[in-house]
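# Chains, contacts and geometry: an overview
One letter stands for each residue in the lines below.
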Amino acid sequence: MNRLLKHFKGDPVIWAMLTVLAVVSILVVYSATGTLAYSKYHGETFRFLLKQLFFVFSGIAIAYVVHLLDLRFYQKLSKLLVWFSIPLLLVTMAMGSNLNDAARWISIGGITFQSSDFAKVALIMYVAHMLAAHQNDIKEWTVYLKIIAVVGVICLIILPNNFSTAAMLGMVCVILMFIGRVSTKHILLTGVGAVVLFVVFVLIAQATGIQKHRIATWEKRYHTFVGDGKTKKPTKDDTFQADQSKIAVATGGVFGKGPGNSTQRNYLPHPYSDFIFAIIIEEYGLIGGFVILMIYLALLYRAGIIVKKTDKTFPAFLTMGLILLLVIQAMINMGVAVGVFPVTGQTLPFVSMGGSSIWMTGAVFGLIQSATRKIVDIKPAEKEKVEQSDAKPEKEPEEELVNE
């Protein structure tokens, strides 16, 4: 066992968190897909267990492979990935599979995935790289434009088909820029600009009829959630998902009904993805839900510890950006399940059923561990040597790369 663990570099606590999430995913998805199995596959529930086992273990394998490569490789690759993600998003918008009037999915080589999942990771890598490379002139207007132009383009492309993802990604990038010492004036300008662009987009969409169904969906979800009376009284169909999720949470109690004993999985449209947290609380109670919440919060706490341990800018920004992305997405998913946020369609990272989403989350964990492995693996004696070498005026290869 020890020989096996030696191959997993980086932060052992993060590996432990990934393992716990994997176990939870297998158990809850198997339970939540019972109704789907009976309606489509004549009760073959084992089919979904095997499918989820494959996705989870392949996701961990992806995390392992990704974390083996040197972080400088990903730093060099960041610009290429972000420029590749733009045409990928455009192709998805034009030719992607349509779900609820939103083209989010695209198939390449028989594999169907959300291109926005790839774009999220690519953009965070790009922003981390730019912040690291321009720390000496980060307050300059030209540097800010280089970062915000790419952030704005990608978020605007994602926006029509996936508002919550665009908003979440933009928020993470702004937080990362704030951490990266971008001028407060520029950050405030970003906020104002984002609001203006969104309003312009909505006005153009309403005037031209383009994306009118998506605009109507956003308005309906918002007014249904706040209950401001500006639209007709919400019907049971409008609030069905949210109501069933609240019932699952309320009936779960403190200790839950027990594994496999959920009843609301028979009524919720997506109990294995968007509303999986409601099923977790129903079966494992508030205690189970609290444990899941603390895992994601602990992940954010570990990010702070990791950043404190390194004096390298790119690993610090990349780790913080990717973990913020995971944690904020998890908070949105859990908030929707308990009625804090309107329905958005965000999955619970590495827990909800899925193939490409789990694979991409596995890649995110691998990138995080690639950034942390050099920090965590340094022994006290080696650390002293590293500190002495850092005191020399010569730049290390990684720092030279950062400043290119």
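Conventions and cut-offs
Residues numbered from 1 in each chain as written. Predicted model: local features only at pLDDT ≥ 70, side-chain atom pairs only at ≥ 80, totals over all residues. Heavy atoms only, no water. Helix = DSSP H or I, 4+ residues; strand = E, 2+ residues; numbered from the N terminus. Buried < 20%, exposed > 50% of the residue type's maximum accessible area, 1.4 Å probe, protein only. Contact = heavy atoms within 4.5 Å. Areas by Shrake-Rupley, 256 points an atom, 1.4 Å probe, with all protein chains shown as cover. Phe/Tyr/Trp six-rings, centres within 6.5 Å; stacked < 30°, edge-to-face > 60°. Polar contact = N/O pair within 3.5 Å; in protein donor to acceptor, adjacent residues only side chain to side chain. Core = buried A, V, L, I, M, F, W, Y, C linked by side-chain atoms within 4.5 Å.

## Focus: the overall build of the chain
Each helix and strand in the chain was counted, giving 16 helices and three strands. Looking at the chain as a whole, 49% of its 404 residues are labelled buried. Look at the contacts in the chain between residues 6 or more apart in sequence, and 74% of them connect residues 24 or more apart. When the accessible surface of the chain is summed, it comes to about 20000 Å², and 66% of that surface belongs to carbon and sulfur atoms.

## Focus: the packing of aromatic side chains
Given two aromatic rings, their pairing is described by the distance between the two centres and the angle made by the two planes. Under the defined criterion, the tally for this structure stands at 10 aromatic pairs. Aromatic pair Phe55 and Trp359: ring centres 5.5 Å apart, planes at 70°, arrangement edge-to-face. Separated by 304 residues along the polypeptide, Phe55 in helix 4 (residues 45-68) and Trp359 in helix 14 (residues 356-377) bring together distant segments of the chain.

## Describing unusual backbone geometry
One non-glycine residue, Arg181, adopts positive backbone phi at about 70°. Overall, Arg181 belongs to the partly exposed group, its relative accessible area being 40%. Here Phe350, not a glycine, exhibits a phi torsion of approximately 65°, which is positive. With respect to the helices and strands, the residue Phe350 is situated in the loop between helix 13 (313-337) and helix 14.

## Considering the side chain of Thr190
Note that Thr190 resides in helix 9 (residues 184-208). On the basis of relative accessible area, Thr190 is assigned to the buried category, the value being 11%. Of note is the side chain of Thr190, whose polar atom sits 2.9 Å from the backbone oxygen of His186. Contact partners of Thr190, with chain neighbours within four places excluded, come to Tyr144, Ile148, Val174 and Met177.

## Some remarks on the environment of Ala119
On the secondary structure map, Ala119 appears in helix 6 (residues 115-133). Exposure remark for Ala119: the relative accessible area of 0% places this residue in the buried category. Along the primary structure Ala119 and Trp83 are separated by 36 residues, whereas in three dimensions their C-alpha atoms are 9.4 Å apart. Sequence-distant contacts of Ala119, defined by excluding residues within four places in its chain, comprise Ser85, Leu89, Ile154 and Ile158.

## Looking at the nonpolar core
With 108 residues, the main nonpolar core has Leu123, Val127, Ile154, Leu169, Ile292 and Leu348 as its most contacted residues. Ranked by the residues each element gives to this core, the list is headed by helix 13, at 16 residues. In this structure Val127 touches Ile147, Val151, Cys173, Leu176 and Met177, once residues within four positions along its chain are discounted.

Just distances and angles here, no functional claims.
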